[in-house]
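# Results of the structural survey
One letter stands for each residue in the lines below.
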Amino acid sequence: MDETASAEGRGRRVFIDKQSPQVYSAMVQTAEAVRATAAEAGLDRQLVELVNLRVSQINGCAFCLNLHTKAALRAGETAQRLGVLAAWRDTEVFTPRERAALALAEATTSPADAAAQEAAYGVARQALTDDEVSAVIWVAIAINAFNRVSIMSKHPVRPVPAPRQTPSA
């Protein structure tokens, strides 16, 4: 390879999911197992998507935020709750169970704060079953991994054209 081609190649990101498809396939299989575990534990799709979105917000993963916002809306989540998710502690729109799951997901994503982690875990133990605690942690672990893939690959988020508005009379 000549110097020019090598320099050009260094400037673009490698989509690691495409570059190493066998590893990505294993991640997808893990995510499917996590999704099944969450369903078996009684976590509905809306709560799983709230966890996916909150973790993706913390990690700043635009690709996963875009993907999981659509999934949350398909699962029946409301625009209001999605709009205030980043400030979930300051609202009354989330149930105690959802709050416990969100706090546990945050503690899983940012484990360096041991006191916050212990507090979140304590609240989760009060509001969630053992199966639910395990499932929430696995959902957070899985989306953290996918966030890293998309962030490091710089997966693009392309604009979607707005629906055509018809003038009102």
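Reading the values: rules and limits
Residues numbered from 1 in each chain as written. Predicted model: local features only at pLDDT ≥ 70, side-chain atom pairs only at ≥ 80, totals over all residues. Heavy atoms only, no water. Helix = DSSP H or I, 4+ residues; strand = E, 2+ residues; numbered from the N terminus. Buried < 20%, exposed > 50% of the residue type's maximum accessible area, 1.4 Å probe, protein only. Contact = heavy atoms within 4.5 Å. Areas by Shrake-Rupley, 256 points an atom, 1.4 Å probe, with all protein chains shown as cover. Disulfide = S-S within 2.5 Å. 1 Å grid on protein atoms, 1.4 Å probe; cavity = no way out; pocket = protein on both sides within 12 Å on 5 of 7 lines; lining within 4 Å. Points joined across faces, edges and corners; volume = space filled by probe spheres on them. Nonpolar A, V, L, I, M, F, W, Y, C, P; charged D, E, K, R; others polar. Core = buried A, V, L, I, M, F, W, Y, C linked by side-chain atoms within 4.5 Å. Phe/Tyr/Trp six-rings, centres within 6.5 Å; stacked < 30°, edge-to-face > 60°.

## Some remarks on the overall build of the chain
- Looking only at helices and strands, one finds 9 helices and 0 strands in the chain.
- Each helix and strand of the chain, placed in order from N terminus to C terminus, yields the pattern α-α-α-α-α-α-α-α-α.
- For the chain, the spread of C-alpha atoms along the principal axes amounts to about 60 × 55 × 30 Å.
- The buried share of the chain, reckoned over its 169 residues, is 34%.
- Across the chain, contacts joining residues at least 24 apart in sequence account for 70% of those joining residues at least 6 apart.
- If you sum the accessible surface of the chain, you get close to 10400 Å²; carbon and sulfur atoms cover 57% of it.

## A few points about unusual backbone geometry
- The phi angle at Lys154 is positive, at roughly 55°, despite the residue not being glycine.
- Assignment of secondary structure puts Lys154 in the segment after helix H9 (130-153).
- For Lys154, a relative accessible area of 53% translates into the label exposed.

## Brief notes about the state of the cysteines
- Under the criterion given, the structure shown has 0 disulfides.
- Summary of cysteine pairing: Cys64 is not part of a disulfide, and the nearest cysteine sulfur, belonging to Cys61, is at 3.4 Å.

## Overview of the layout of surface pockets
- Computed from the structure, the largest pocket encloses a volume of approximately 390 Å³.
- In terms of lining, the largest pocket is formed by 21 residues, of which the most central are Ala31, Arg35, His68, Ile143 and Phe146.
- In terms of residues, the lining of the largest pocket owes the most to one element, H9, which gives 6 residues.
- Here the lining of the largest pocket is composed, by residue class, of 13 nonpolar, 4 polar and 4 charged.
- Empty space within the second largest pocket amounts to approximately 170 Å³.
- If you trace the second largest pocket, you find 14 residues lining it, with Arg89, Ala103, Glu106, Ala116 and Ala120 closest to the centre.
- Breaking the lining of the second largest pocket down by element, the ones donating at least two residues are helix H7 (96-109) and helix H8 (114-127).
- Split by residue class, the lining of the second largest pocket holds 8 nonpolar, 2 polar and 4 charged.

## Brief notes about the nonpolar core
- Counting residues in each nonpolar core, the largest one holds 38 residues, and the members touching the most others are Leu43, Leu50, Val51, Leu85 and Leu128.
- Secondary-structure elements contributing two or more residues to this core are helix H3 (21-41), helix H4 (45-59), helix H5 (62-74), H7, H8 and H9.
- Setting aside residues no more than four positions away along its own chain, Val51 makes contact with Ala101, Leu102, Ala105, Val139 and Ala140.

## Observations regarding the packing of aromatic side chains
- The full count for this structure, using the stated rule, is 1 aromatic pair.
- Plain terms: the ring middles of Tyr24 and Phe146 are 5.9 Å apart, the flat faces sit at 90° to each other, and that makes the pair edge-to-face. Residue Tyr24 is found in helix H3, and its partner Phe146 is found in helix H9; the two are separated by 122 residues along the sequence.

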